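# Structural overview
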Amino acid sequence: MIGVRALLLPTALAASAVAIAPAGAKKAPPSGAPSASAPQGMRWIPAGEFSMGTDSPNSLPNERPAHRVRLQGFWIDETPVTNAQFTRFVEATGYKTTAERKPVWEELKKQLPPGTPKPDPEKLVPGSLVYSPPDHPVPLDDLSNWWRWVPGANWRHPEGPGTDIRGQDHYPVVQVSWDDAREYARWAGKRLPTEAEWEYAARGGLEGKRFVWGDEFRPGGKYEANTFQGHFPERSVPEDGYERRSPVKAFPANGYGLFDMAGNVWQWTADWYRVDYFADLAHKGTCEAPAGPASSFDPNEPNASKRVVKGGSFLCNVSYCESYRPSARRGTPPDTGSEHTGFRCVKDRK
Ligand SMILES: [Ca+2]
Ligand SMILES: [Cu+2]
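Residues numbered from 1 in each chain as written. Chains lettered and ligands numbered in written order. Predicted model: local features only at pLDDT ≥ 70, side-chain atom pairs only at ≥ 80, totals over all residues.

## Points about the sheet that holds strand E10 (residues 287–288)
How we decide: Each pair of strands is called paired provided DSSP finds at least two bridges between the two strands. The way it works is that DSSP assigns letters per residue, a run of H or I at least four long becomes a helix, a run of E at least two long becomes a strand, and they are numbered from the N terminus. We call two residues in contact if the C-beta atoms placed from their backbones are at most 7 Å apart. Note on geometry: axes are lines fitted to C-alpha atoms, helical ones only across the stretch in contact, with angles between N-to-C directions running from 0 to 180 degrees.
Here we have three strands laid out as an open sheet, ordered E2-E3-E10, and mixed in their pairing. The open sheet has two edge strands, strand E2 (48–52) and E10, and neither has a second partner. For strand E3 (residues 67–71) and E10, the ladder comprises two bridges, and the chain directions are parallel. Within E10, the residue paired with Val-69 across the bridge is Cys-287. Contacts between helix H6 (residues 195–202) and the sheet are confined to E2 and E3, with E3 contributing the most and set at about 95° to the helix.

## Let's talk about the confidence of the model for the protein chain
Let me state the cut-off plainly: Confidence of the predictor in every single residue is expressed as pLDDT, which spans 0 to 100.
Across the protein chain, the average pLDDT comes to 90, with 90% of residues at 70 or higher. Contacts from residues 8–28, a stretch scored under 50 in pLDDT, to residues over four places away or in other chains number 56 contacts.

## Here's the deal with the environment of Arg-70
Position of Arg-70 relative to the elements: it lies in strand E3. Remark: the alpha-carbon pair of Arg-70 and Cys-287, spanning 217 residues in sequence, is separated by 6.1 Å. Residues within four places of Arg-70 in sequence aside, it is in contact with Glu-49, Thr-286 and Glu-288.

## Considerations on the nonpolar core
Rules: By our criterion, buried Ala, Val, Leu, Ile, Met, Phe, Trp, Tyr and Cys residues that link up through C-beta atoms within 7 Å make up a nonpolar core. With C-beta atoms placed from the backbone, a residue counts as buried when 20 or more other C-beta atoms lie within 10 Å of its own, as exposed when 12 or fewer do, and as partly exposed for counts between those limits.
Judged by nonpolar contacts, the single largest core of 63 residues is most densely connected at Ile-45, Ile-76, Ala-181, Leu-192, Ala-201 and Leu-258. The contacts of Ile-76, once residues within four sequence positions are left out, are Met-42, Arg-43, Ile-45, Pro-193, Ala-201, Leu-258, Arg-344 and Val-346.

## Examining unusual backbone geometry
With an omega of -5°, the peptide bond between Arg-64 and Pro-65 qualifies as cis. Inspection of the secondary structure puts Pro-65 in the loop between E2 and E3. Backbone geometry places Glu-322, a non-glycine residue, at a positive phi of 50°. Note that Glu-322 resides in the loop between strand E11 (307–310) and strand E12 (330–332).

## Comments concerning H6
Quick reminder: α-helices carry 3.6 residues per turn. Residues three or four places apart thus point the same way. With eight of eight residues buried, H6 is to be regarded as a mostly interior element. Looking only at H6, the buried set comprises Glu-195, Ala-196, Glu-197, Trp-198, Glu-199, Tyr-200, Ala-201 and Ala-202. The first or second residue beyond H6 is Gly-204, which carries a positive phi of 60°.

## Examining the pairing of strand E9 (residues 266–272)
Within E9, seven of the seven residues are buried, leaving the element largely enclosed by the surrounding structure. Sheet analysis places E9 next to strand E13 (residues 341–342), joined by two bridges and oriented parallel. By the bridge assignment for E13, Trp-266 is matched with Thr-341.

## What to know about the environment of Glu-207
Secondary-structure assignment places Glu-207 in the loop between H6 and strand E7 (230–231). In this structure, the C-alpha to C-alpha distance between Glu-207 and Phe-50, residues 157 residues apart in sequence, is 6.8 Å. Apart from residues lying up to four places away in sequence, Glu-207 is in contact with Phe-50 and Ser-51.

## Brief notes about the sheet that holds strand E14 (residues 346–347)
As a general point, the strands of a sheet are linked pairwise by backbone hydrogen bonds and lie either parallel or antiparallel. Strand order in this open sheet of three strands is E1-E4-E14, and the pairing throughout is antiparallel. Every other strand in the sheet has two partners, leaving strand E1 (42–45) and E14 as the edge strands with one partner each. Two elements, E1 and strand E4 (residues 74–77), share four bridges in a ladder whose sense is antiparallel. When the bridges of E4 are listed, Ile-45 appears paired with Phe-74.

Structure, rendered in structure tokens:
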């Protein structure tokens, strides 16, 4: 019994453990931007149409098939929300994040199979999920082999008590739940992106490419994103320079001038998660601004409600899920933060 949200671990961080088989060309500033000056730290994404998802057999079933989507223009943060930005929010509002509050069993219970026993009271303490690599190779079908519930882990102490965010002003904030992300967005006068907006922005104006910079993982031998190298999860050989999170803007921007749309930290979106959502959309012709299914469903965790996260993280690698591809997606319960999950916001024209 390792702790409460750890009960949710397979839910929270699950990706099917299936092996699946040039710094993007910079473009001129997108046209069609509103004439008013840009909100600070945001980029204008012009209205348009794109292929969401993928038909590549080298992908997970929830990313298929590709389907046409049309969107209005919108503003999007050029980086994930940083510790410095989140600090300003907390200082202005006194907001307490999910990981800083005592978990409520009645709420957690709803996500678990009926009959799951109530954990000991001393386990029901504030905390969150921390990457804790084993010292030997482990089966990839059990996330508790490398994730641990750590009491006292939260956005100020991302790897638990004894760690902090000093010197990490420009790192993405992590250990934030979907609810935390939404509260920040409201405070900032913004909102969370739909999955379609997130993926459209991530693709940076390229059509149907495997990565947000093109089809080749390391063009010219250079790393374009913070991912995992070595043997996952026990032997990290961080050839890209970062074993865990990296500061925002450490890797090249995509075609829309956005940083960290691949790797580093997963990013919350507004949508509910359904494994079969893309297949459902594909029947409907070109979709206008899809905003996700009406409710969540993941056959692997039928009791859990989940929101879509996108972008993959510093833990993603080709032997595991390769989720730093723009079509990749995963469902995570809204109360579940982790050391590799953050977010960014969008804003409408007016
Ligand atoms: Ca790395
Ligand atoms: Cu991954």
